[in-house]
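For reference, the chains in residue letters:
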Amino acid sequence: MKLGWDNNQCGVHSNVCELENLMCHTMDERHRKFILLAEVEKKPSTWIQYQAKKMEAQKFDMLIVGAGFAGLYQLYRAREMGLSVRLLEAGDGVGGTWFWNRYPGARCDVESLDYSYSFSPELEQEWAWSERYAPQAEILKYINHVADRFDLRPHIALNVRVKTAHFDDQNLCWNVGTEKNQSFKATYLVMATGGLSIPQQPDLKGLHHYQGKWYHSAQWPKEGVDFKGKRVGLIGTGSSGVQMVPVIAEQASHLTVFQRSANFSVPAHNVAFTEVSLKAAKSRYPERRAMGREAVTGQFLNANTKTAAEMTPEEQRAELEYRWKGAGGGFRMLRNFADQMSNPQTNKMVADFVKDKIRQVVKDPATAEMLCPKDDLPFGGKRLSVDSNFYETFNRDNVKLVDIKADPLLEATERGLRTRSHDFEFDMIVFATGFDALTGALMAIDIKGEGGITLRDKWKHGPVAYLGLGIAGFPNMFTITGPGSPSVLSNVVHSIETHVDWIMRFLRKAKEKGVRKFQPTAQAEVHWVKFCADEANKTLYPLANSWYMGANIDGKPRVFLAFVSGVPVYRRFIEKVEAQGYEGFEFS
Ligand code: NAP
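Residues numbered from 1 in each chain as written. Predicted model: local features only at pLDDT ≥ 70, side-chain atom pairs only at ≥ 80, totals over all residues. Heavy atoms only, no water.

**Quick notes on the overall build of the chain**
Then step 1. The number of helices and strands found in the chain is 19 helices and 20 strands.
Then step 2. By residue count, 58% of the 588 residues in the chain fall in the buried class.
Then step 3. Pairs at least 24 residues apart make up 71% of the contacts formed inside the chain by residues separated by at least 6 positions.
Then step 4. With the model as given, the accessible surface of the chain reaches about 25,500 Å², and the carbon-plus-sulfur share is 51%. (Helix = DSSP H or I, 4+ residues; strand = E, 2+ residues; numbered from the N terminus. Buried < 20%, exposed > 50% of the residue type's maximum accessible area, 1.4 Å probe, protein only. Contact = heavy atoms within 4.5 Å. Areas by Shrake-Rupley, 256 points an atom, 1.4 Å probe, with all protein chains shown as cover.)

Structural data, given as structure tokens:
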């Protein structure tokens, strides 16, 4: 690694900033000190300069928070535009979701050929996915490859958790502070903090008494966990739990799964690529991406455009079987009928079909009934899980399901968990209890906008934002895949690219026009929020107590958090806003 002593490419940067940059890099503490001392020996004034500079805030054109898919792509584009940019990341590596969620069985539930960057055809062609749904380690390797291939690391500061972001009305810039009391300034602030990055910590009475080890799916130890021969208790049967159960069951001596509510899960039909099948798929990449762009969820799911009423009962059944049995598998079950998420009868038909499948797979009838979601949950109302052998795992002798609605979980004990009727002993407890979705990561930071208004205060009754991209009162700030955009209802990598490209076009225009301050108008924001709510209310989504609605967090306002009408409709909106001179934004 070389120090850029004469490299002043970042405008306000001095060679000291380059040194600071290096110090923030991925290298371990000893290595950092070694380099610093070597440089100080060559040039003793460096140390004084370094200390002095540390006292001041470092200034950039753009600060990005978060080094997941969103932050890295934003960084790539900002650098391409010639902005001085720094990306701040809390973890000690890049990868975001895929850096933290290392639990056994973690893999994507959108096909990897879609759940990957499309901005570089060369990258698309050179990267070889091993399976239709790549495992976590492979996705993390891919993200690291992207960071190296596009030389992004020199602009990334790891182990930096942002604590505060305050807008300076006088100087029109953001002042950002970190947990380690570092300060940064920037003209633009981009929050690439992710929709599912604040784990919901278990609030279980007596957990501190528990003598065994416990883990949360989203804070998994890097070295992994050896379940071999252990008695394991697992709480939560959302997507994370559903992926973990089959893998832990194979290792543990016994696994007890505590389920509060049953959700729907559909088979992934994951397959390994062969050289031939991958080559064939890659040869059709442009076509694949184009179809994804026009699909409701930003990935081609071969949607049936007919409503159920337009088909005979035989045709309906054939459609369901075709999708269930692996014609692509997974999320294709969300597109059986055009009216599946709006017509309760159609939805019930799909739900009943899946419940029958569960009953066919799970041999013990009582366990099968427990795994069947209740009638008040629409199919797809909570995020669908996509599994490999989840239901089959309950046929194993070493796996037991406990319904904690019927037999409530009271507390942790020294040796395990206590429900109203039973004491369980465990060597390990795993929490797959989810996240404070979409708003959690933004609200975790003390964000203050114009006149000192706080985001926490502004959003106390639910998020109010324009297009999921900007917030009135918080100038020169963008949120990538924020509340009110398709984000979690879509192939999120696709939605990230759409947002970043839009932001860059916006900034180019702002630069051209000499704009120093911009933000959505309060009126545009209120209209957008109402429109999102009205669209959601035309569907069955709001009927579910889901994290889409904020229902998994005590006291969180019940608001549908995403834009429900799909990726193409949304994209046309934001393109129209752009074509009309950024309608809904005010500039000065
Ligand atoms: P989740 O879907 O919110 O599921 C959390 C589970 O924990 C639910 O079963 C919930 O029960 C239960 N739970 C929560 N608090 C509890 C408590 N205090 N006591 C008992 N049970 C409790 O969380 P997740 O499984 O981590 O998934 C979140 C999202 O992350 C997914 O929906 C998906 O978007 C994403 N994800 C994606 C993948 C993938 O790409 N393959 C994998 C994992 C996650 P209730 O249902 O009753 O609330």
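**Thoughts on the pattern of salt bridges**
Then step 1. Throughout the structure, instances matching the rule amount to 37 salt bridges.
Then step 2. A salt bridge links glutamate 535 to lysine 538, with the shortest nitrogen-to-oxygen separation between them at 2.6 Å.
Then step 3. Assessed through its relative accessible area of 14%, glutamate 535 is described here as buried.
Then step 4. Counted as one network, the salt bridges with shared partners bring together Glu111, Asp114, Arg132, Arg288 and Arg332. (Salt bridge = Lys/Arg side-chain N within 4 Å of Asp/Glu carboxyl O.)

**Digging into the packing of aromatic side chains**
Then step 1. Applying the stated criterion to the full structure yields 52 aromatic pairs.
Then step 2. Each member of the aromatic cluster is reached from another via a ring pair, and the members are Phe69, Tyr73, Tyr76, Trp98, Tyr115, Tyr117, Phe119, Trp127, Trp129, Tyr142 and Phe150.
Then step 3. Seen from the ring of phenylalanine 99, arginine 102 lies directly overhead, with NZ or CZ sitting 4.8 Å from the centre. (Phe/Tyr/Trp six-rings, centres within 6.5 Å; stacked < 30°, edge-to-face > 60°. Lys NZ or Arg CZ within 6 Å of the ring centre and 35° of its normal.)

**Quick notes on the packing of helix H4 (residues 69-80) against helix H17 (residues 492-512)**
Then step 1. In contact at an axis separation of 10 Å, H4 and H17 are set at 30 degrees when each is read in the N-to-C sense. Taken together, the axes of H4 and H17 lie roughly parallel to each other. Remark: the crossing between H4 and H17 carries right-handed chirality. Counting all contacts with H4, which are made through Phe69, Ala70, Tyr73, Gln74, Arg77 and Ala78, the residues of H17 involved are Val493, Ile496, Glu497, Val500, Asp501, Ile503 and Met504. (Axes fitted to C-alpha atoms, helices over the stretch in contact; angles between N-to-C directions. Parallel < 35°, antiparallel > 145°, perpendicular 65-115°, else oblique. Left-handed = near helix turned anticlockwise from the far one by under 90°.)

**Focus on the environment of aspartate 151**
Then step 1. Along the polypeptide, aspartate 151 turns up in the loop between helix H7 (136-149) and strand E3 (156-157).
Then step 2. For aspartate 151, a relative accessible area of 48% gives the class partly exposed.
Then step 3. Expressed as a C-alpha distance, the spacing of aspartate 151 and tyrosine 76, which sit 75 residues apart in the sequence, is 8.7 Å.

**Quick word on the side chain of serine 217**
Then step 1. If you trace the backbone, serine 217 turns up in the loop between strand E7 (213-216) and strand E8 (231-235).
Then step 2. For serine 217, a relative accessible area of 1% gives the class buried.
Then step 3. Apart from residues no more than four positions distant in its own chain, serine 217 is found in contact with Trp100, Asn101, Arg102, Tyr103, Ser240, Met244, Phe431 and Ala432.

**Brief notes about H7**
Then step 1. With 14 residues, H7 should cover 20 Å at 1.5 Å per step; its first-to-last C-alpha distance of 20 Å lies within 8% of that length.
Then step 2. Taken residue by residue, H7 has Gln136, Glu138, Ile139, Leu140, Tyr142, Ile143, Val146 and Ala147 as its buried positions.
Then step 3. Following H7 by one or two positions, aspartate 151 has its phi on the positive side, about 55 degrees. (Expected span 1.5 Å × (residues − 1).)

**Structural notes on helix H8 (residues 239-251)**
Then step 1. Bending of H8 peaks at approximately 35 degrees at the position of valine 245, with proline proline 246 no more than four residues after it.
Then step 2. Ser240, Gly241, Val242, Gln243, Met244, Val245, Pro246, Ile248 and Ala249 are the residues of H8 that are buried. (Bend = angle between axes of the 7 residues up to and from the residue.)

**Some remarks on empty space enclosed by the protein**
Then step 1. Counted according to the given criterion, the structure contains 5 cavities of 30 Å³ or more.
Then step 2. If you add up the space inside the largest cavity, you get close to 70 Å³.
Then step 3. A breakdown of the residues in the lining of the largest cavity according to their chemical character gives 5 nonpolar, 6 polar and no charged.
Then step 4. Of the pockets and cavities examined, the second largest cavity occupies roughly 60 Å³.
Then step 5. What lines the second largest cavity is Thr481, Ser485, Pro486, Ser487, His494, Ser495, Thr498, His499, Val567, Tyr570 and Arg571.
Then step 6. Those elements that provide at least two residues to the lining of the second largest cavity are H17 and helix H19 (567-579).
Then step 7. The element best represented in the lining of the second largest cavity is H17, accounting for 4 residues. (1 Å grid on protein atoms, 1.4 Å probe; cavity = no way out; pocket = protein on both sides within 12 Å on 5 of 7 lines; lining within 4 Å. Points joined across faces, edges and corners; volume = space filled by probe spheres on them. Nonpolar A, V, L, I, M, F, W, Y, C, P; charged D, E, K, R; others polar.)

**A closer look at the layout of surface pockets**
Then step 1. In this model, the second largest pocket occupies a volume close to 750 Å³.
Then step 2. For the second largest pocket, the lining is made up of 40 residues, of which Val296, Leu334, Arg335, Met341 and Val564 are closest to its centre.
Then step 3. The residue inventory of the lining of the second largest pocket, partitioned by class, reads 20 nonpolar, 13 polar and 7 charged.
Then step 4. Shared between two domains, the lining of the second largest pocket holds at least three residues of each, these being domain 2 (57-198 + 437-587) and domain 3 (207-275 + 288-431). (Domains from an automatic or database assignment.)

**Focus: the site of the ligand**
Then step 1. Around the ligand, a shell composed of 23 residues is seen, among which Arg107, Ser240, Arg260, Ser261 and Lys382 lie nearest.
Then step 2. Serine 239 places a main-chain nitrogen or oxygen 3.0 Å from an oxygen atom of the ligand.
Then step 3. A total of 900 Å² of accessible area belongs to the ligand in isolation, and the protein chains cover 84% of it.
Then step 4. Take the shell around the ligand: its biggest share by element is 3 residues, from H8.
Then step 5. Among the residues making up the shell around the ligand, the classes are represented as 8 nonpolar, 10 polar and 5 charged.
Then step 6. Counting residues domain by domain, the shell around the ligand receives three or more from each of domain 2 (57-198 + 437-587) and domain 3 (207-275 + 288-431). (Near = heavy atom within 4 Å. Polar contact = N/O pair within 3.5 Å; in protein donor to acceptor, adjacent residues only side chain to side chain.)

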